[in-house]
Amino acid sequence: MKVLIVCTGNLCRSPMASAVLHRVLSERGCAGIEVASAGTWGDPGHNATSEACAVAADRGMDLTPHRSRALDRGELNGADLVIAMTSVHLREIEALDPESARKTLLLKELTELSFDEPPSGDLAGRVQSVLAAKRPEWRRALDLDDPMGLPRASYERCLDEIERGVDALATVLCPGRS
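Keep in mind it's a predicted model, so treat the numbers as computed, not measured.

A. Quick look at the sheet that holds strand 2 (residues 34–39). One open sheet accounts for four strands, arranged 2-1-3-4; its pairing is parallel. For this open sheet the edge positions go to strand 2 and strand 4 (104–106), each flanked by a neighbour on one side alone. Each neighbouring strand pair of the sheet contributes to a mean axis angle of 25°, computed without reference to strand direction. Where strand 1 (residues 2–7) meets strand 3 (residues 81–84), four bridges bridge the pair, whose relative direction is parallel. When the sheet's bridge partners are listed, valine 6 is paired in strand 3 with alanine 84.

B. Main features of the nonpolar core. By size, the foremost hydrophobic cluster in this structure holds 44 residues, and its most contacted members are Met16, Leu81 and Ile162. At the level of elements, strand 1, helix 1 (13–27), helix 2 (50–58), strand 3, helix 5 (123–132) and helix 6 (152–173) are the ones that each hand at least two residues to this core. With nine residues, the single largest contributor to this core is helix 6. Ignoring sequence-local partners within four residues, the contact set of methionine 16 consists of Ala52, Val55, Leu63, Tyr155, Cys158, Leu159 and Ile162. Core analysis: the next-biggest nonpolar cluster, separate from the first, contains twelve residues, Leu4, Val6, Ala36 and Leu71 among them.

C. Expanded view of the environment of threonine 8. In this structure, threonine 8 sits in the loop between strand 1 and helix 1. For threonine 8, a relative accessible area of 28% puts it in the partly exposed group. Measuring from C-alpha to C-alpha, the distance between threonine 8 and leucine 107 comes to 14 Å, with 99 residues separating the pair along the chain. Those residues in contact with threonine 8 that sit more than four places away from it in its chain are Arg13, Gly39, Thr40, Trp41, Gly42 and His89.

About the criteria used
Residues numbered from 1 in each chain as written. Predicted model: local features only at pLDDT ≥ 70, side-chain atom pairs only at ≥ 80, totals over all residues. Heavy atoms only, no water. Pairing = 2+ DSSP bridges. Helix = DSSP H or I, 4+ residues; strand = E, 2+ residues; numbered from the N terminus. Axes fitted to C-alpha atoms, helices over the stretch in contact; angles between N-to-C directions. Core = buried A, V, L, I, M, F, W, Y, C linked by side-chain atoms within 4.5 Å. Buried < 20%, exposed > 50% of the residue type's maximum accessible area, 1.4 Å probe, protein only. Contact = heavy atoms within 4.5 Å.

That's the geometry; what it means functionally is another story.
Next up, the structure:
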């Protein structure tokens, strides 16, 4: 099973979210989930921003090995679940691969999903439960603001929001493990 996390440049939000998801899955002992990230406007080969590296390091995560990647149709096709940062990314994903829109959610939606029945079964079934869940009505607050070029506090706020969304996702993907 593969989770693909998408932002604009693949320099701060999606690398931080990928690192958080890796950490949380490891802490929960949840295996069988590949995590990747890419940017809708990603220029391949760049490091994560120094601010993203610093705030991640403060929370025990190392972003220094990260290199930016551009989102492509093949990457979308290979993902079982796509997590986007903003509604703009949702539109860009749909324009690149209309079929992938059905498996794409906003990170901040994850904390507000409503399930008719609690997600259960194997990992694939739990992913389908996430995708079938009732989503909150869209509002601007569901977009995760880009901290690029802003003070460190903006990166810290961004990482706080990422952690909340990832925790909600991990609770569904790895139930009973915390």
